[in-house]
Amino acid sequence: MLELPEVLALSSQLEQNVTGKIVSHVYPPTKVHKFCWYNGEPGEYEDGLKGKTIAGAAGFGIFCEISFEGGKRLCFNDGVNVRLMPEEKVPKNYQLMISFEDGTALVFTVAMYGGIILHDQDYDNEYYDKSKGFVSPFSDGFKEYYWTMIGKSKPTLSIKALLATEQRFPGIGNGVIQDILFKAHINPKSKLESLSQDEREQLLECTISVLREMTDQGGRDTEKDLFGNPGGYKTQLSKNTWKAGCPVCGGMITKEAYLGGSVYYCPVCQPK
């Protein structure tokens, strides 16, 4: 699933590799996915995009967005995979495909759920609006935003819930928090009220530093980039590593289902 590091890395790749390309055709789904959402009928996307030149791309929260000359935007969110490839190598099944005059194509697929939304800069969606308005962890205003969110949250809220639910921090989800909390020595199930002031400050600093490292290295190695390659950031706690034990103490990593997803933690290094 795309989270902030992958969104930023992917949007940068799109900016570099598809800006200036001219749309020749837009193809609707070859395989219907009941948890893939569109703005209207995807078969009508070609009417708005054919002949248009890509003007750029941007990433924010859980969304990547491609802009076209004339003002059209195509945004997609955390459950959508996009690949740039020669048109002759396009797979049989996809949820949308945009071909270009140079013989390449952008192919969109959805594994679990996701939206591929064409709009005129008027997309009215809570998650989109929160992502657009989110204060970036790499901006000067993030620390103030973080403390504001701490102050607004119930003391009994778990740290995973604080960071990864209700879009308090769009783009910070169940995936990236594993390494953030591991570096901060905080258990994902710990309650906010149990954290000292120093631990809260440590959580803030680790959130910024780990997200920066993930982004600078092109996303996590559990996710794929525009060309199908894994990100360069080697996750410490993830589906790829948890069976190998704790990278610090060597003990066994605990994997549990919690708040709609798996959490990984070291009971020694991250006690509750």
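Anyway, here's the lowdown on the structure attached to this text.

Here we look at the overall build of the protein chain
In step 1: From N to C terminus, the protein chain includes seven helices and eleven strands.
In step 2: Here the C-alpha atoms of the protein chain give a radius of gyration of 20 Å, agreeing with the 19 Å that 2.2 N^0.38 yields for 272 residues.
In step 3: Seen through its principal axes, the protein chain has C-alpha atoms that stretch 55 × 35 × 30 Å.
In step 4: Within the protein chain, the fraction of its 272 residues that count as buried is 51%.
In step 5: The long-range fraction of contacts in the protein chain, counting pairs at least 24 apart against all pairs at least 6 apart in sequence, stands at 63%.
In step 6: When the accessible surface of the protein chain is summed, it comes to about 12,600 Å², and 49% of that surface belongs to carbon and sulfur atoms.
In step 7: Computed over 29 positive and 34 negative side-chain charges, the separation of the two mean positions in the protein chain equals 7 Å.

Observations concerning the sheet that holds strand β8 (residues 104-110)
In step 1: Strands sit in the order β1-β7-β8-β6 across an open sheet of four strands; the sheet is antiparallel. Taken across any chain shown, the strands that pair with only one partner, and hence form the sheet edges, are β1 (23-27) and β6 (80-86). Neighbour-to-neighbour, the strand axes of this sheet turn through a mean angle of 15 degrees, independent of strand direction.
In step 2: Bridge analysis of β1 against strand β7 (residues 96-100) gives four bridges, and the strand direction is antiparallel. Of the residues in β7, the one forming a bridge with valine 26 is isoleucine 98.

Examining helix α6 (residues 177-184)
In step 1: The buried fraction of α6 amounts to seven of the eight residues, a majority that puts the element mostly inside the structure.
In step 2: Of the residues flanking the end of α6, it is histidine 185, one or two places downstream, whose phi is positive at about 60 degrees.

Observations regarding the nonpolar core
In step 1: In this structure, Leu14, Leu74, Phe76, Ile98, Leu106 and Phe108 are the most contacted members of the largest nonpolar core, which totals 30 residues.
In step 2: The biggest single contributor to this core is helix α1 (residues 4-18), with four residues.
In step 3: Counting 28 residues, the second-largest nonpolar core is a separate cluster that includes Met149, Leu157, Leu192 and Leu203.

Some remarks on helix α7 (residues 197-216)
The α-helix winds at 3.6 residues per turn, so residues separated by three or four positions along the chain end up facing the same way.
In step 1: The terminal C-alpha atoms of α7, which comprises 20 residues, lie 29 Å apart, in line with the 28 Å expected from a rise of 1.5 Å per residue.
In step 2: Residues of α7 that are buried include every one of Arg200, Leu203, Leu204, Cys206, Thr207, Ile208, Val210, Leu211, Met214 and Thr215, and no others.
In step 3: Contacts made by the buried residues of α7 are with α1, α4 (142-152), α5 (159-164) and α6.
In step 4: Phi turns positive one or two residues past the end of α7, at glycine 218, with a value near 80 degrees.

Here we look at the packing of aromatic side chains
What characterises a pair of aromatic rings is the spacing of the ring centres plus the angle enclosed by the ring planes.
In step 1: Scanning the model with the defined rule gives 16 aromatic pairs in all.
In step 2: Measuring from ring centre to ring centre gives 6.4 Å for phenylalanine 35 and tryptophan 37, while their planes differ by 65 degrees; the resulting arrangement is edge-to-face.
In step 3: On the accessibility criterion, phenylalanine 35 (40% relative accessible area) is partly exposed.
In step 4: Between phenylalanine 63 and tyrosine 128 the ring centres are 5.3 Å apart and the planes differ by 85 degrees, which places this aromatic pair in the edge-to-face class. With a gap of 65 residues between them, phenylalanine 63 in strand β4 (residues 63-68) and tyrosine 128 in helix α3 (residues 126-133) connect regions that are remote in the sequence.
In step 5: Accessibility expressed as a relative area gives 2% for phenylalanine 63, which makes it buried.
In step 6: An aromatic cluster of at least three residues, connected via ring pairs, comprises Phe134, Phe142, Tyr145, Tyr146, Trp147 and Phe169.

Points about unusual backbone geometry
In step 1: The backbone of glutamine 167 sits at a positive phi, close to 55 degrees, despite the residue not being glycine.
In step 2: Mapped onto the elements, glutamine 167 comes out in the loop between α5 and α6.
In step 3: Located in the positive-phi region is leucine 259, a residue other than glycine, with phi close to 55 degrees.
In step 4: Residue position: leucine 259 is located in the loop between β10 (254-258) and β11 (261-265).

Structural notes on the pattern of salt bridges
In step 1: The final tally for this structure, using the stated rule, is eight salt bridges.
In step 2: With a shortest N-O distance of 3.1 Å, aspartate 216 and arginine 212 are connected by a salt bridge. With aspartate 216 and arginine 212 both in helix α7 and four residues apart, the pair spans about one turn of that helix.
In step 3: In this structure arginine 212 comes out as partly exposed when scored by relative accessible area, which is 34%.

Thresholds applied
Residues numbered from 1 in each chain as written. Predicted model: local features only at pLDDT ≥ 70, side-chain atom pairs only at ≥ 80, totals over all residues. Heavy atoms only, no water. Helix = DSSP H or I, 4+ residues; strand = E, 2+ residues; numbered from the N terminus. Rg over C-alpha atoms; globule rule 2.2 N^0.38 Å. Buried < 20%, exposed > 50% of the residue type's maximum accessible area, 1.4 Å probe, protein only. Contact = heavy atoms within 4.5 Å. Areas by Shrake-Rupley, 256 points an atom, 1.4 Å probe, with all protein chains shown as cover. Lys, Arg positive; Asp, Glu negative; His and termini not counted. Charge placed at Lys NZ, Arg CZ, Asp CG, Glu CD. Pairing = 2+ DSSP bridges. Axes fitted to C-alpha atoms, helices over the stretch in contact; angles between N-to-C directions. Core = buried A, V, L, I, M, F, W, Y, C linked by side-chain atoms within 4.5 Å. Expected span 1.5 Å × (residues − 1). Phe/Tyr/Trp six-rings, centres within 6.5 Å; stacked < 30°, edge-to-face > 60°. Salt bridge = Lys/Arg side-chain N within 4 Å of Asp/Glu carboxyl O.

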